Amino acid sequence: MDWMEVIRTRRSVRTFDGRMLEMEHLGKLAEYIDSIANPWRIPVEFVFLDTEEYKLSTPVIRGEKMYVAAKVPKVKHAEEAFGYAFEQFVLYAWSLGIGTTWIGGTMKREDFEKAAYLQEGEVMCCISPVGYPAAKMSFREAAMRKGVRADHRKKASDLFFDGDWNTPLVSEDPDVAQALEAVRLAPSAVNKQPWRILRTGDKYHFYVRHDKGYSTEVGEDMQKIDLGIALYHFMRFVEGAVSVEDPAIPADENMEYIATVTITR
Ligand SMILES: Cc1cc2nc3c(=O)[nH]c(=O)nc-3n(C[C@H](O)[C@H](O)[C@H](O)COP(=O)(O)O)c2cc1C
């Protein structure tokens, strides 16, 4: 699988062609879900939801016949684990020609939580429609993309740093360079791209740059989900170990340390 190609071409799909997923594709997705893991070893449970059976819909999304939801226990690092796990599903689906859109805000949460049998102590951070992209985007989808500048990404020099927060990171290691580009292209809530990476030696420290007004409730911080997504994109291209050991590097007050990847080869 050319994961860089998958990452480069993926986009959120909000207009579907109205077809149900083929059984073969459903089988492949279900099988793939069994292989999905995350560095925090937090269980992430996926549930497919038929739109007609559960009377489910979300604003902007059109032509969808199915959603996928996922649930995690409400524990520390739940969001990062969720992001890391759910993005595996998103990328694999895209490699099969199946479209998704991460949805954490624009939905009636209670309807999906009920359909997914969410239990006390669990959180369903996000859901996604699953289906085949329509030939043409709806007007609303095109407008939404424009609103969040969905085709735009920040420059690498604004995101990745070497040794301190003033020196842009330019990696000579082709795998790391690819991993950084994969992070840069990742999807994020409202396309905020809150990930920042600081390198010290063979360690890459991941931080979230919080916007004002973010939630501190476990399971509700969308930007920590974004960090889980970024970590997964990075780990696709390097051999490394993820750990949580704050290097205590001074950083702006809106920056929060999330995890470190140590290159192992
Ligand atoms: C954690 C998370 C939550 C998101 N929530 C929503 C949402 O509620 N509604 C929506 O239409 N898109 C949502 N998105 C999709 C982003 O808007 C989208 O990924 C971003 O604009 C970049 O566009 P792209 O995915 O086409 O590259 C979310 C994305 C992430 C990662």
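Rules of the game
- Residues numbered from 1 in each chain as written.
- Predicted model: local features only at pLDDT ≥ 70, side-chain atom pairs only at ≥ 80, totals over all residues.
- Near = placed C-beta within 6 Å.
- Helix = DSSP H or I, 4+ residues; strand = E, 2+ residues; numbered from the N terminus.
- Nonpolar A, V, L, I, M, F, W, Y, C, P; charged D, E, K, R; others polar.
- Domains from an automatic or database assignment.
- Buried ≥ 20, exposed ≤ 12 C-beta atoms within 10 Å, placed from the backbone.
- Pairing = 2+ DSSP bridges.
- Expected span 1.5 Å × (residues − 1).
- Contact = placed C-beta atoms within 7 Å.
- Core = buried A, V, L, I, M, F, W, Y, C linked by C-beta atoms within 7 Å.
- Axes fitted to C-alpha atoms, helices over the stretch in contact; angles between N-to-C directions.
- Parallel < 35°, antiparallel > 145°, perpendicular 65-115°, else oblique.
- Left-handed = near helix turned anticlockwise from the far one by under 90°.

**Describing the site of the ligand**
Part 1 of the reasoning: Close contacts around the ligand come from 22 residues, with Ser12, Trp102, Gly105, Ala150 and Pro187 the closest.
Part 2 of the reasoning: For the shell around the ligand, the leading source of residues is helix α8 (residues 222-235), giving four residues.
Part 3 of the reasoning: For the shell around the ligand, a count of residues per class yields 13 nonpolar, seven polar and two charged.
Part 4 of the reasoning: Residues lining the shell around the ligand come from more than one domain, with at least three contributed by each of domain 1 (3-141) and domain 2 (156-263).

**With respect to the pairing of strand β8 (residues 203-209)**
As a general feature of sheets, a regular strand has side chains that alternate between the two faces.
Part 1 of the reasoning: Where burial is concerned, most of β8 is hidden: five out of the seven residues are buried.
Part 2 of the reasoning: Counted along the chain from strand β7 (residues 195-200) to the antiparallel partner β8, the turn is two residues long, and its residue Gly201 has a positive phi close to 60°.
Part 3 of the reasoning: Two elements, β8 and strand β10 (residues 255-263), share seven bridges in a ladder whose sense is antiparallel. Bridging from a neighbouring strand, Arg209 pairs with Met255 of β10.

**Observations regarding α8**
Part 1 of the reasoning: The end-to-end C-alpha distance of α8, which contains 14 residues, comes to 20 Å, matching closely the 20 Å that a straight helix rising 1.5 Å per residue would cover.
Part 2 of the reasoning: Along α8, 13 of the 14 residues are buried, which leaves the element largely enclosed by surrounding structure.

**As for the domain arrangement of the protein**
Part 1 of the reasoning: Under the domain assignment, the protein is made up of domain 1 (3-141) and domain 2 (156-263).
Part 2 of the reasoning: On a C-alpha basis, the centroid separation for the pair domain 1 and domain 2 is 23 Å.
Part 3 of the reasoning: If you look at the interface, domain 1 gives 21 residues, while domain 2 gives 22 residues.
Part 4 of the reasoning: Elements that contribute at least two residues to the side of domain 1 that touches domain 2 include exactly α1 (3-9) and α4 (78-95).
Part 5 of the reasoning: Counting residues per element, the side of domain 1 that touches domain 2 draws most heavily on α4, at nine residues.

**Focus on the nonpolar core**
Part 1 of the reasoning: The biggest cluster of nonpolar side chains holds 65 residues, and the ones touching the most others in it are Phe82, Ile127, Val183, Ile197, Phe206, Ala230 and Leu231.
Part 2 of the reasoning: Both domains that furnish three or more residues to this core are identified here as domain 1 (3-141) and domain 2 (156-263).
Part 3 of the reasoning: Dropping the residues within four chain positions of it, Val183 is found in contact with Trp195, Ile197, Ala230, His233 and Phe234.

**Some words on the packing of α4 against α8**
Part 1 of the reasoning: The interhelical angle for the contact between α4 and α8, taken along N-to-C directions, is 50°, at an axis separation of 6 Å. Between α4 and α8, the interaxial angle falls into the category oblique. Where α4 crosses over α8, the two elements pack in a sense that is right-handed. Judged by residue contacts, Glu79, Glu80, Ala81, Phe82, Gly83, Tyr84, Glu87 and Gln88 of α4 engage Lys224, Ile225, Asp226, Leu227, Gly228, Ile229, Leu231 and Tyr232 from α8.

**Description of the sheet that holds β8**
Part 1 of the reasoning: In space, the five strands of this open sheet follow the order β6-β7-β8-β10-β9, with mixed pairing throughout. Across the chains shown, the open sheet's two edge strands, defined by having one partner strand only, are β6 (160-162) and β9 (240-243). Along the sheet, successive strands turn relative to each other by an average axial angle of 25°, direction set aside.

**Some words on α4**
Residues lying three or four places apart along an α-helix face the same way, a consequence of the helix completing one turn every 3.6 residues.
Part 1 of the reasoning: Look at α4: 26 Å from first C-alpha to last across 18 residues, which is about the 26 Å you get at 1.5 Å a residue.
Part 2 of the reasoning: Burial analysis of α4 places 16 of its 18 residues in the buried class, the great majority of the element.
Part 3 of the reasoning: Phi turns positive one or two residues past the end of α4, at Gly97, with a value near 85°.

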